[in-house]
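Below are the chains, spelled out letter by letter.
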Amino acid sequence: MSSSTTVRTARRRTLRVAAAALTAAAALTLTACSGSDAGGTKSAGHAGTGAVAASGAGATAGAQGSDAKAEAKSSADAGAKAGVAVKQSGGPHAGTAKASSPVRTERLVDGSKAEIYDLGSQHYRAKIISRGSVVATLETTDQEVDAGLDANDMFVVLTMGGEVHSWMGGGHRGPGTFKLAGGWTAKVTKVGELRYRAQIIGHEGSVDATLETKQHDVGLDANGVYIVLSAGGVISAHG
């Protein structure tokens, strides 16, 4: 993997990395095993209300004579069609055929697997499955950020391109300053309860990216070096 010294998503600017939701953390019983790198939760549209409005109009018109009834029936038909259209579109994060089925499944380093779903516009979700159960979910956002997870010392990054990378161990517990893979340095500080900030510093000494947890783990693809910062202040990288 590349270990370039400039993060592709930052030119001396700070990336505020959004939280990746960790579901069913208490049930996380992933078992470590050997392996190599392998590789988030909005859903569903809202049914349209046009049909309801149209039926109300039909009821009112029904009291005004047969011509009004016919007009109301036409309005109701149009409203029903509009309702179907809204249900199909469902807003920017609607559940579509593409989102309801994984685009691929990848084996993670501990033997569990990740189902990757394409939600559109660099928006991906990865369900981590162990022993037939979904034990965690990562999701990128439409704000150009990756997602990360610390799953019992297995670290996982889901990138904006839908790539999943996992590795075991190598964590450093902050606060503190730590050398990371690829020549990066991380300065980890505690900023609140389950809130840590990590400044990712390149060879030139500049802060090229910033990770910040908000009671959730976060991740970053730093030009082929994958970094996870957990809500407990543990940072790990793999390149």
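Everything that follows concerns the structure shown earlier in this document.
From a predicted model like this one, the values you see are computed outputs, not experimental measurements.

Asks: Lay out the sheet that holds strand β8 (residues 172–173) in plain terms, naming residues and giving numbers.
Replies: Here we have four strands laid out as an open sheet, ordered β8-β15-β14-β13, and antiparallel in their pairing. Only two strands of the sheet have a single neighbouring strand rather than two, namely β8 and β13 (218–222). Bridge count between strand β14 (residues 225–229) and strand β15 (residues 234–238): four bridges; the pairing is antiparallel. Paired with L229 across the bridge in β15 is I235.

Asks: Kindly report on the pattern of salt bridges, identifying the contributing residues and their values.
Replies: On inspection of all chains with the given rule, the structure shows four salt bridges. Among the ionic pairs, E106 bridges to R104, the shortest N-O distance being 2.7 Å. We classify R104 as partly exposed; its relative accessible area is 30%. Taking the shortest distance from any N to any O, the salt bridge between E212 and R197 comes out at 3.0 Å. Of this pair, E212 sits in strand β12 (residues 207–212) while R197 is found in strand β11 (residues 195–201), placing the two residues 15 residues apart along the sequence.

Asks: Could you give an account of the pairing of strand β10 (residues 185–192), with specific residues and numbers?
Replies: In this structure, strand β9 (residues 176–179) lies alongside β10, joined through four bridges in antiparallel fashion. Each residue of the ladder has a partner; that of F178, found in β10, is A186. Counted along the chain from β9 to the antiparallel partner β10, the turn is five residues long, and its residue G182 has a positive phi close to 75 degrees. Here β10 runs beside β11; their pairing, made up of seven bridges, is antiparallel. For K187, the partnering residue across the bridge sits in β11 and is Q199. Between the antiparallel neighbours β10 and β11 lie two residues, among them L194 with a positive phi of about 55 degrees.

Asks: How would you summarise the environment of K113 if you had to cite specific residues and measurements?
Replies: Within the fold, K113 resides in strand β2 (residues 113–118). A C-alpha to C-alpha distance of 5.8 Å links K113 and I128, two positions 15 residues apart in sequence.

Asks: Please give an account of the nonpolar core that cites residues and values.
Replies: Residues V188, I200, L211, I227, L229 and I235 are the most contacted members of the largest nonpolar core, which totals 18 residues. Listed by contribution, the elements that provide at least two residues to this core are β10, β11, β12, β13, β14 and β15. Judged by nonpolar contacts, the second largest core, of 17 residues, contains A126, V135, L149 and A151.

Asks: Just give me the short version of the sheet that holds β2, but keep the residues and values in it.
Replies: Taken in spatial order, the four strands make up an open sheet running β1-β2-β3-β4, and their pairing is antiparallel. Each edge of the sheet is formed by a strand with only one pairing partner; in this case those strands are β1 (104–107) and β4 (133–139). The sheet shows a mean angle of 25 degrees between the axes of neighbouring strands, taken without regard to direction. When β2 meets strand β3 (residues 124–130), the two strands line up antiparallel, connected through six bridges. Bridging across to β3, Y117 finds its partner in R125.

Asks: Give a description of the pairing of β11 that names residues and reports values.
Replies: Direction of pairing for β11 relative to β12: antiparallel, over a ladder of five bridges. Bridging across to β12, Q199 finds its partner in T210. Counting the residues that bridge the hairpin from β11 to β12 gives five residues, and of these G205 lies at a positive phi of roughly 85 degrees.

Asks: If you had to explain the side chain of E212 to someone new, which residues and values would you point to?
Replies: Note on E212: relative accessible area 6%, which makes it buried. A polar side-chain atom of E212 sits 3.0 Å from a polar atom in the side chain of R197.

Asks: So what's going on with the packing of aromatic side chains? Which residues, and what values?
Replies: In this structure the tally under the stated criterion is one aromatic pair. For the ring pair F155 and W167, a centre distance of 5.9 Å and an interplane angle of 25 degrees mean the geometry is stacked. Here F155 is found in strand β6 (residues 154–158), whereas its partner W167 is found in strand β7 (residues 164–168), with twelve residues between them in sequence. For F155, a relative accessible area of 0% gives the class buried.

Asks: Please set out unusual backbone geometry residue by residue, giving values where relevant.
Replies: Across the junction of G174 and P175, the peptide omega takes the value 5 degrees, indicating a cis bond. With respect to the helices and strands, the residue P175 is situated in the loop between β8 and β9. For R131, which is not glycine, the phi dihedral falls at a positive 55 degrees. Looking at the element boundaries, R131 is found in the loop between β3 and β4. Its identity as a non-glycine residue notwithstanding, L194 has a phi of 55 degrees, on the positive side. For L194, the position within the fold is in the loop between β10 and β11. With relative accessibility at 38%, the residue L194 sits in the partly exposed group.

Cut-offs used in this document
Residues numbered from 1 in each chain as written. Predicted model: local features only at pLDDT ≥ 70, side-chain atom pairs only at ≥ 80, totals over all residues. Heavy atoms only, no water. Pairing = 2+ DSSP bridges. Helix = DSSP H or I, 4+ residues; strand = E, 2+ residues; numbered from the N terminus. Salt bridge = Lys/Arg side-chain N within 4 Å of Asp/Glu carboxyl O. Buried < 20%, exposed > 50% of the residue type's maximum accessible area, 1.4 Å probe, protein only. Core = buried A, V, L, I, M, F, W, Y, C linked by side-chain atoms within 4.5 Å. Axes fitted to C-alpha atoms, helices over the stretch in contact; angles between N-to-C directions. Polar contact = N/O pair within 3.5 Å; in protein donor to acceptor, adjacent residues only side chain to side chain. Phe/Tyr/Trp six-rings, centres within 6.5 Å; stacked < 30°, edge-to-face > 60°.

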